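Here is what each chain is made of, one letter per residue.
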Amino acid sequence: TDTASMIGYYLMSPLNWLVLAFPADRIARAIFWIISVKVILAGFTASVFFGKKRGYDLKCLIFSTTYALSGYVFAYFMHIMWLDSIYMLPLIALGIEKLVKEGKKPVYIIALAYTFITCYYTGYMAAGFSLLYFFYLLFTEEKKLKSGFIKCVSFFSSSIIAALISAAVLVPTLLSQYGSRGEVLPQEPIVRTAAQMISRLFTGAYSAKEFSEGAPHIYSGMLVLFLVILFFMPQKEKRSKRTIIATAVLVLLFILSFSIDQLDIVWHIFAQPHSFLHRYAFVFVFVMILLAERTFSEDLKKVRIAGVIFADLIIAGMYAAVLIMKVQAVNQILLHLDLLSVIAISLLLFFFITKENKNRNYAFAIIAAIQLVMIAVNGFVYVSVYQFDDHSAEGFYDFVKPMIDRVNEYDSGFYRIEKSFFNTNNDAMMM
């Protein structure tokens with residue numbers, strides 16, 4: 001009957017204190033400001049991650065903004081407690097890179113501990129990413145067995161330290177959950193098709209029905225999709241086999257996790273989620289953007305025309321599959337625009353970016369504009385799905401305040417009250 005698990009899940013973000021800067025009848029507005037700050041932080045931390053590696057330039061802006069405004073963020077922005085892990089994930093990745101490449105632990109320890117504290121649930125998913133990304137870097141960059149073993153010890157000891165730092169939140173939460181599990185709801189069957197999953201890679205493939213069911217929200221724009229596919233295409237200079245194998249395994253693991261219930265459950269702390277499926281998809285979004293940025297920054301001069309054409313054909317095949325299968329959420333106009341944008345991006349990349357052309361910077365600016373405009377359009381489509389009537393914003397306070405005052409006359413104690421009426425399909429405001 002305690003509230004430890006609820007506090008550990010919903011309330012531990014330091015940004016929640018921003019609510020105190022707003023009067024009680026503006027709580028809804030306060031929540032949206034907190035959401036905005038968290039999304040801005042996601043762009044900022046992603047820019048720190050990419051900027052530390054390549055410099056703070058237009059490329060850094062493109063990929064960090066793409067991460068902050070990805071389909072996952074727009075699908076789940078009302079799930080305010082999940083957003084802390086999204087803005088901390090790039091710092092966890094930065095910490096792992098520092099640990100593997102420089103032997104420095106503090107960034108990883110602090111970032112992981114903070115993520116556990118703010119929301120243990122998505123913190124667990126971020127920890128899953130840290131495990132995968134550590135072994136990915138170790139496999140692709142470490143060739144000495146002894147050195148690799150030392151780095152493994154360093155990684156696992158750092159992870160344990162991060163867990164111990166956050167134990168003041170994790171332990172009470174764990175005990176609380178074991179003590180009051182509540183009634184188990186009947187599990188609805190998960191329905192997802194290959195066409196649904198592919199459709200989520202295209203702009204505006206979103207509906208009210210598919211908000212809480214179906215395929216994962218992994219939209220990152222056509223530039224990212226094209227570059228991820230291009231990563232696996234033949235190049236003028238061959239990649240190391242270790243890199244190709246490790247990257248393919250990493251991507252395949254997520255595809256299998258989205259497809260196989262048993263793997264999906266592992267990501268959800270071994271408990272099948274009710275609605276809002278594939279909540280760990282933000283991890284895959286970051287992996288896609290990470291691979292796309294690497295291709296864009298390191299490999300464009302190695303690209304072959306055959307690789308560009310083959311990548312275009314793969315995306316054209318995905319486009320045709322979504323079109324033929326008639327996925328409910330797909331916006332056909334935006335789908336056609338996506339295909340045209342991929343063709344434009346591939347032409348600009350090959351004829352201008354891969355060569356030292358005088359128009360290189362102009363081509364680069366056009367690619368940036370295409371990517372940023374399309375993710376903005378996608379965000380607009382996602383948000384337009386939500387229905388906000390007066391009671392779901394400021395008017396909600398005026399509607400329920402008299403009832404709260406009446407209850408307070410009889411009992412002014414601290415407990416949770418739940419309303420018995422229904423406002424909207426996305427009614428996130430709890431009394």
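Preceding block: the structure.
Fair warning: this is a prediction, and the values are worked out from it, not measured in the lab. (Residues numbered from 1 in each chain as written. Predicted model: local features only at pLDDT ≥ 70, side-chain atom pairs only at ≥ 80, totals over all residues. Heavy atoms only, no water.)

(A) How the structure looks around a nonpolar patch on the surface. Together, Ile-333, Leu-337, Leu-340, Ile-343, Leu-347 and Phe-351 make up a nonpolar patch on the protein surface, roughly 580 Å² of accessible area in all. Structurally, Ile-333 can be placed in helix H16 (residues 332-353). (Patch = residues over 30% accessible without salt bridge, like charges linked within 9 Å, V, L, I, M, F, W, Y side chains within 5 Å. Areas by Shrake-Rupley, 256 points an atom, 1.4 Å probe, with all protein chains shown as cover. Salt bridge = Lys/Arg side-chain N within 4 Å of Asp/Glu carboxyl O. Helix = DSSP H or I, 4+ residues; strand = E, 2+ residues; numbered from the N terminus.)

(B) Molecular detail of the environment of Met-6. Tracing the chain through its elements places Met-6 in helix H1 (residues 4-11). Residue classification places Met-6 among the partly exposed residues on the basis of a relative accessible area of 35%. When the C-alpha atoms of Met-6 and Ser-176 are compared, they prove to be 8.8 Å apart, with 170 residues separating the residues in sequence. (Buried < 20%, exposed > 50% of the residue type's maximum accessible area, 1.4 Å probe, protein only.)

(C) Here's a closer look at unusual backbone geometry. If you check the backbone angles, Ile-269 has positive phi at about 55° while not being a glycine. The residue Ile-269 is located in the loop between helix H13 (261-267) and helix H14 (281-299) in this model. Of note in this structure, Phe-270 is not a glycine but carries a positive phi near 60°. Structurally, Phe-270 can be placed in the loop between H13 and H14. Judged by relative accessible area, which is 61%, Phe-270 ranks as exposed.

(D) Layout of the packing of helix H5 (residues 83-102) against H14. Their axes nearest at 11 Å, the elements H5 and H14 cross at an angle of 45°. The angle between H5 and H14 places the two elements in the oblique class. Crossing hand, H5 versus H14: right-handed. Contacts between H5 and H14 involve Ser-85, Ile-86, Leu-89, Pro-90 and Ala-93 from the first element and Phe-282, Val-283 and Phe-286 from the second. The class makeup of the residues in the contact of H5 with H14 is seven nonpolar, one polar and no charged. (Axes fitted to C-alpha atoms, helices over the stretch in contact; angles between N-to-C directions. Parallel < 35°, antiparallel > 145°, perpendicular 65-115°, else oblique. Left-handed = near helix turned anticlockwise from the far one by under 90°. Contact = heavy atoms within 4.5 Å. Nonpolar A, V, L, I, M, F, W, Y, C, P; charged D, E, K, R; others polar.)

By themselves, these figures tell us nothing about what the structure is for.
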